[in-house]
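# Summary of structural features
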Amino acid sequence: MKMFGGLVRMAAAIALVPALLVQQSFAWGHDGHSMINRLAVQYLPADVPAFLRSRAAQDAMDYYGPQPDQFRNGDPSMYDTMVPDHDINLEDADLAGPLPRRRYEYMKALAAAQAAHPGVNLSPQNVGMLPYVTYEYYVSLLSAMRDYRRELAANRDTTAAEHEVVFLSGVLGHFVGDGSQPLHTTIHYNGWMGDNPNGHSTSTKFHGLVEGDFVHNNVKLADVSPLVEPTKPKVLTDPFADFVTYLRHSHSFVEETYRLEKAGGFAGVGTPQVKAFTNARLAEGAIELRDMIYTAWLRSGDPVAPNKFN
Ligand SMILES: [Zn+2]
C-alpha cells in the first residue's frame, strides 16, 4: 500500500512537471532579463553615481535580472499568487476603463466592470498587476536613492545603501523587462485565444519559444548593445504614465509576434526579421529601465513631499 501510495504521488508529481516547466519559462528567459538589466546600467549617464554604473553593478544587475521568476518558486504554494505580478492582459484591463494609477483603485475598477462582462474573468489574478508592481518598485528605488544621498551627505559608510540601490534596480529591471515582451501584455500570452481568422498558433509552447529558447540560442549582448548605446537618457515626467505607454507600445507587436512565428521565423537560428524584432524588443526594455533608474536618481534629490504620517 505504501509503495502504491508512493507511486501515485510520484505519478502526480511527474504529471505536474510539464505544466510547471511551461509556466516557469514565462519571462524573457534568463538571458533576456540579464541583458536588459546589464545594458540599462551600462548606459546610464555620468551624472549618476559611479557605483551604479560600475562593472560590479553591471554584473549584479545581470545576476538579479531573472531572479523574480525564481522568487515565485520559493514556496510552490505561492506560485499562483506571485505570477500575476509579471504581466497584464491589456484587452481585459481596458474593459474596466482607463488604468487607475494605484493598485487598489485598479482592483476596485476591475470588480466594478465584472458584471458588465460576465464572459471574461476580470479578477486581478487573471488580468495581471504588472504596471503596479513596477511602479511600486520604482518608488522603492527612489526611496533607497534618497537614503544613499543622506548617508553620503552625513559622511557615513554608503556600502549598504549602494547594495540596496543596485538590488532594487535589478528587481525593477525584471518587471520593466517583462513589459518589453509583447506576450506579457495580452490575453494571447501563450497561443492565440478566441476568434482566429489569421490562423495564428495556439500552441502552449509559443511563449517559451519566443522569449526563452530563441533568445538563449540566438541573441547576444553585442546584438542589442548597439541599439541602446546611441540613445539619449530621458527624464520621465510621469514614470507611471510613461510605463503604461511603453506597455501599450509592446502590445502593438502582439500580432506581429504571431505572424513572425507562423512564417517559421523563430525556428532554429531564426530569420533576420525575427532577430531584428527580438533585438529591438530587448533594447526597448533596457532603454525604459535606464530611463526609469535615471529619473529615480534625479528625483531622489528633490525635497520629500510629506505623507500623512509626517
Ligand atoms: Zn517575469
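Residues numbered from 1 in each chain as written. Predicted model: local features only at pLDDT ≥ 70, side-chain atom pairs only at ≥ 80, totals over all residues. Heavy atoms only, no water.

### Focus on the packing of helix α11 (residues 159-179) against helix α14 (residues 239-251)
Angle between the axes and distance between the axes are the two parameters that describe a pair of packed helices. Threshold: Interaxial angle, 0 to 180 degrees, is taken between N-to-C directions of lines fitted to C-alpha atoms, where a helix line uses only the stretch in contact. Here a helix means four or more residues in a row that DSSP labels H or I, a strand means two or more in a row labelled E, and each is numbered from the N terminus. The cut-offs work like this: below 35 degrees is roughly parallel, past 145 is roughly antiparallel, 65 to 115 is roughly perpendicular, and the gaps in between are oblique. Residues count as neighbours in contact if any of their non-hydrogen atoms are within 4.5 Å of one another.
Contact geometry of α11 with α14 gives a least axis separation of 9 Å together with a crossing angle of 40°. When the interaxial angle is binned, α11 and α14 end up oblique. Residues F175, V176, G177 and G179 of α11 pack against F243, Y246, L247 and S250 of α14.

### Thoughts on the packing of helix α12 (residues 206-218) against helix α15 (residues 254-262)
Their axes nearest at 12 Å, the elements α12 and α15 cross at an angle of 90°. Considering their axes alone, α12 and α15 lie roughly perpendicular with respect to each other. Between α12 and α15, the residues in contact are F206, L209 and V210 and T257, Y258 and E261, respectively.

### Quick look at the nonpolar core
Selection rule: Residues belong to a common nonpolar core when they are buried Ala, Val, Leu, Ile, Met, Phe, Trp, Tyr or Cys residues joined through side-chain atoms within 4.5 Å. Think of it in three bands: residues with accessible area under 20% of the maximum for their type are buried, residues over 50% are exposed, and the middle band is partly exposed, with areas taken using a 1.4 Å probe on protein chains only.
L52, Y106 and I293 are the most contacted members of the largest nonpolar core, which has 73 residues in total. For this core, the leading source of residues is helix α16 (residues 272-299), giving twelve residues. Discounting residues that sit within four places of it in the chain, I293 has contacts with V41, L44, L52, M61, L141, M145, S169 and L172.

### Notes on unusual backbone geometry
Non-glycine residue N155 carries a positive phi angle of around 60°. On the secondary structure map, N155 appears in the loop between α10 (130-153) and α11.

### Observations concerning the environment of R102
Mapped onto the elements of the fold, R102 is located in the loop between α7 (90-93) and α8 (103-114). Excluding residues that lie within four positions of it along the chain, R102 makes contacts with Y132 and Y135.

### Comments concerning the packing of aromatic side chains
Going by this rule: Put simply, two rings from Phe, Tyr or Trp (the six-membered ring, in Trp's case) pair if the centres are within 6.5 Å, and we call them stacked under 30 degrees between planes, edge-to-face over 60, tilted for the rest. Here, over-ring charges are defined by two tests on the NZ atom of lysine or the CZ atom of arginine: distance to the ring centre within 6 Å, and angle to the ring normal within 35 degrees.
Tallying each qualifying case throughout the model produces 14 aromatic pairs. On the basis of an interplanar angle of 35° and a centroid distance of 5.4 Å, the ring pair of F243 and Y246 is categorised as tilted. In this pair, F243 and Y246 both sit in helix α14, three residues apart, roughly one turn of the helix. With respect to burial, F243 and Y246 carry one shared label: buried. Taken together, Y106, Y132, Y135, Y138 and F240 form an aromatic cluster joined through their ring pairs. Here the basic side chain of R149 rests over the ring of W297, its NZ or CZ set 3.7 Å away from the ring centre.

### Here's the deal with the confidence of the model for the protein chain
Applied cut-off: Known as pLDDT, the predictor's confidence for each residue is given on a scale from 0 to 100.
Confidence in the prediction of the protein chain, expressed as mean pLDDT, is 91, and 91% of residues score 70 or more. Of the regions scoring below 50 in pLDDT, residues 1-25 engages in ten contacts with residues more than four places distant in sequence or in other chains.

### So, helix α13 (residues 221-228)
Which entries qualify depends on this criterion: Each C-beta atom gives one direction from the helix axis, and the arc is the one those directions make.
Looking at α13, one finds that the buried residues are V224, S225 and V228. For α13, the angular spread of the buried residues around the axis is 110°, confining them to a single face. Close packing links the buried residues of α13 with α2 (29-42) and α16.

### With respect to the pattern of salt bridges
When their charged atoms lie close together, side chains carrying opposite charge are able to pair. Applicable threshold: Definition used for salt bridges: Asp or Glu carboxyl oxygen within 4 Å of a side-chain nitrogen of Lys or Arg.
Enumeration over the complete set of coordinates arrives at 13 salt bridges. R38 is paired through a salt bridge with D59; the nearest N and O atoms lie 2.8 Å apart. With R38 in helix α2 and D59 in helix α4 (residues 55-64), this pair connects stretches of sequence that are 21 residues apart. Exposure remark for R38: the relative accessible area of 12% places this residue in the buried category. The exposure class assigned to D59 is partly exposed, which follows from its relative accessible area of 35%. The residue R299 makes a salt bridge to D302 at a minimum N-O spacing of 2.6 Å. Residue D302 is classed as partly exposed on the basis of its relative accessible area, which comes to 31%. A single network of salt bridges, built from pairs that share partners, joins R38, R55, D59 and D62.

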